[in-house]
Amino acid sequence: MKKASDFGFAPGNAPEVNSAALNAAVQGGGTVLVDGAGVADVREPVVLGDNTTLEFENGLQLRRNRCPDGETGYVFVNEGAFSGRTNHRIRLRGLSLICNGVECSSRAVQTDRCVPGLRGHLAFYRVKDLAIDDFETYDMPAQDFGIHVCTFENLRVENVTIEGRKDGVHLGRGKRFVIRHGLFRTFDDPIALNAHDYASSNPELGWIEDGCIEDCYDLNDRDTVGYFCRILAGSWVDWFPGMQVQHSDTVVHDHRLYRVYMEPDGTVYTSTTPPTHTHGTAEVDGIRWVMVQAGDEHSCGCRNIVFRDIFLKKHRPTAFSFHF
């Protein structure tokens, strides 16, 4: 087992020093004990690769800080979110996080800190065998999700306490998962199963299937929007000349899915030339298109998901919402 302190991590350090130390400690994978007591400031995203386990010492809290250039990323993210490969066997245990009002500055263009549509404090995209245990945060701001996972297989989220103003656990495309023993006090959805979503809220579209959500509490709070669990499905069409599109619309063209990534202000644009780029973002006819994934899928939804022992303490108009 490696100790983060051996790489220069310690409460009281400058946030860039702690982030660099954690990134050095996780190189090559293995188990890393993030040791120390008190509050440790962090800033740059800590990028996790295959076969990596982070265990946080009891009594330690990580506190987010903004990057001075305004391009703030995630707290933890997997390497494959940037490279396109799938990461295997990642574990986080015992993380206590202070969000400190800091959120990801994700936009339409991928950077070395952000991926379009990925916006969790803990952000994982393209992962297999991911487990997050004993995670707590009490001050989520209004934009980023507590845990955001998309394009996954075999996910376990267990013994979590998430409070704040946004979704607690937000899932995109994936299969085989369990969310168990959760305490949520969130203005927005404690759990979101968003197979189809806004372009800014999932990096890919696709089915969410074969899951179990059990022993979870929607705790009462002063105000609310959303549902205990939001369940989203959707569909889209092939591109055709003259079609009218707006932010978050999706089209299929030449065996690829493209999404419009503009300001979410309701402006409607006319598309006369199809997007053809094979990765990233391109502007065509004044429309910013993000190539989100290869394939010919035209619809997605949620299926084979079990809920049991759900305790609804918050006075929401609707607890479970099914949207198409």
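Preceding this section is the structure that the text describes.
Owing to the predicted nature of the structure, the values given are computational and were not obtained by experimental measurement.

Caption draft 1: Region of the structure containing the overall build of the protein chain. Regarding its fold elements, the protein chain presents 2 helices and 27 strands. The C-alpha atoms of the protein chain give a radius of gyration of 19 Å, which matches the 20 Å a tight globule of 324 residues would have. A principal-axis box enclosing the C-alpha atoms of the protein chain has dimensions of 60 × 40 × 30 Å. Looking at the protein chain residue by residue over its 324 residues, the buried ones come to 53%. Sequence-distant contacts, at least 24 apart, represent 67% of the contacts inside the protein chain between residues at least 6 apart. Just so you have it, the protein chain exposes about 13,000 Å², and 48% of that area is on carbon and sulfur atoms. Looking at the protein chain, you have 33 positive and 44 negative side-chain charges, and the mean spots of the two groups are 2 Å apart.

Caption draft 2: Structural view of the packing of aromatic side chains. Going through the model one piece at a time under the given rule, you end up with 5 aromatic pairs. Here the aromatic rings of F152 and F177 are separated by 6.1 Å at their centres, their planes lie at 85°, and the arrangement is edge-to-face. With F152 in strand 11 (residues 145-164) and F177 in strand 13 (residues 174-186), this residue pair connects regions lying 25 residues apart in the sequence. Of the two residues, F152 and F177, neither departs from the other in class, the shared state being buried. On the numbers, 5.1 Å between centres and 80° between planes, the contact of F307 with F320 is edge-to-face. Of this pair, F307 sits in strand 26 (residues 302-312) while F320 sits in strand 27 (residues 320-323); the two residues are 13 residues apart in sequence, bridging distant segments of the chain.

Caption draft 3: Looking closely at the state of the cysteines. Throughout the structure, instances matching the rule amount to 0 disulfides. C104 forms no disulfide, and the closest cysteine sulfur to it belongs to C114, at a distance of 3.3 Å. Taking the relative accessible area as the measure of exposure, C104 reaches 4% and is therefore buried. In this structure C300 is not part of a disulfide, and its nearest cysteine sulfur, from C302, lies 7.8 Å away. Classification of C300 as buried rests on a relative accessible area of 3%.

Caption draft 4: Region of interest: the nonpolar core. Of all hydrophobic cores here, the largest spans 61 residues; its most connected members are F76, F124 and L171. Each residue touching F76, except ones within four places of it in the same chain, is listed here: V46, L48, L54, F56, L62, L92, L95, H121, L122 and A123. Core analysis: the next-biggest nonpolar cluster, separate from the first, contains 12 residues, W239, M243, V251 and W289 among them.

Caption draft 5: Inspection of the sheet that holds strand 24 (residues 287-294) at higher detail. The strand order across the open sheet formed by 5 strands is 18-20-21-24-23, and the pairing between neighbours is mixed. Two strands close off the open sheet at either side, each with one partner strand: strand 18 (237-238) and strand 23 (281-284). Note that strand 20 (residues 250-253) and strand 21 (residues 256-260) share 4 bridges and pair antiparallel. Bridging from a neighbouring strand, V251 pairs with Y258 of strand 21.

Caption draft 6: Layout of the environment of H298. Following the sequence through the fold, H298 ends up in the loop between strand 24 and strand 25 (299-300). Judged by relative accessible area, which is 30%, H298 ranks as partly exposed. For the pair formed by H298 and R64, sequence separation is 234 residues and the distance between their alpha carbons is 39 Å. There is a polar contact of 3.0 Å between the side chain of H298 and the side chain of D238.

Caption draft 7: Representation of the pairing of strand 5 (residues 52-56) within the structure. In terms of residue burial, strand 5 counts as a mostly covered element, since 4 of its 5 residues are buried. One ladder, built from 5 bridges, connects strand 2 (residues 30-34) with strand 5; its direction is parallel. Each residue of the ladder has a partner; that of V32, found in strand 5, is L54. Where strand 5 lies against strand 8 (residues 87-93), 4 bridges are found, and the strand directions are parallel. Bridge assignment links L54 to a residue of strand 8, and that residue is L92.

Caption draft 8: Quick look at the pattern of salt bridges. Inspection of every chain in the model, using the stated rule, returns 25 salt bridges. Residue E158 pairs with R180 through a salt bridge whose shortest N-O separation is 3.5 Å. Of this pair, E158 sits in strand 11 while R180 sits in strand 13, and the two are 22 residues apart along the sequence. Close ionic contact of R230 with D189 constitutes a salt bridge, the shortest N to O distance being 2.7 Å. Linking R230 in strand 16 (residues 229-232) with D189 in the loop between strand 13 and strand 14 (191-194), this pair joins segments that are 41 residues apart in sequence. Accessibility classification places R230 together with D189 in one group, the buried group. Among the charged side chains, a salt-bridge network with shared partners connects D133, R156, E158, R180, E214 and R308.

Criteria and thresholds
Residues numbered from 1 in each chain as written. Predicted model: local features only at pLDDT ≥ 70, side-chain atom pairs only at ≥ 80, totals over all residues. Heavy atoms only, no water. Helix = DSSP H or I, 4+ residues; strand = E, 2+ residues; numbered from the N terminus. Rg over C-alpha atoms; globule rule 2.2 N^0.38 Å. Buried < 20%, exposed > 50% of the residue type's maximum accessible area, 1.4 Å probe, protein only. Contact = heavy atoms within 4.5 Å. Areas by Shrake-Rupley, 256 points an atom, 1.4 Å probe, with all protein chains shown as cover. Lys, Arg positive; Asp, Glu negative; His and termini not counted. Charge placed at Lys NZ, Arg CZ, Asp CG, Glu CD. Phe/Tyr/Trp six-rings, centres within 6.5 Å; stacked < 30°, edge-to-face > 60°. Disulfide = S-S within 2.5 Å. Core = buried A, V, L, I, M, F, W, Y, C linked by side-chain atoms within 4.5 Å. Pairing = 2+ DSSP bridges. Polar contact = N/O pair within 3.5 Å; in protein donor to acceptor, adjacent residues only side chain to side chain. Salt bridge = Lys/Arg side-chain N within 4 Å of Asp/Glu carboxyl O.

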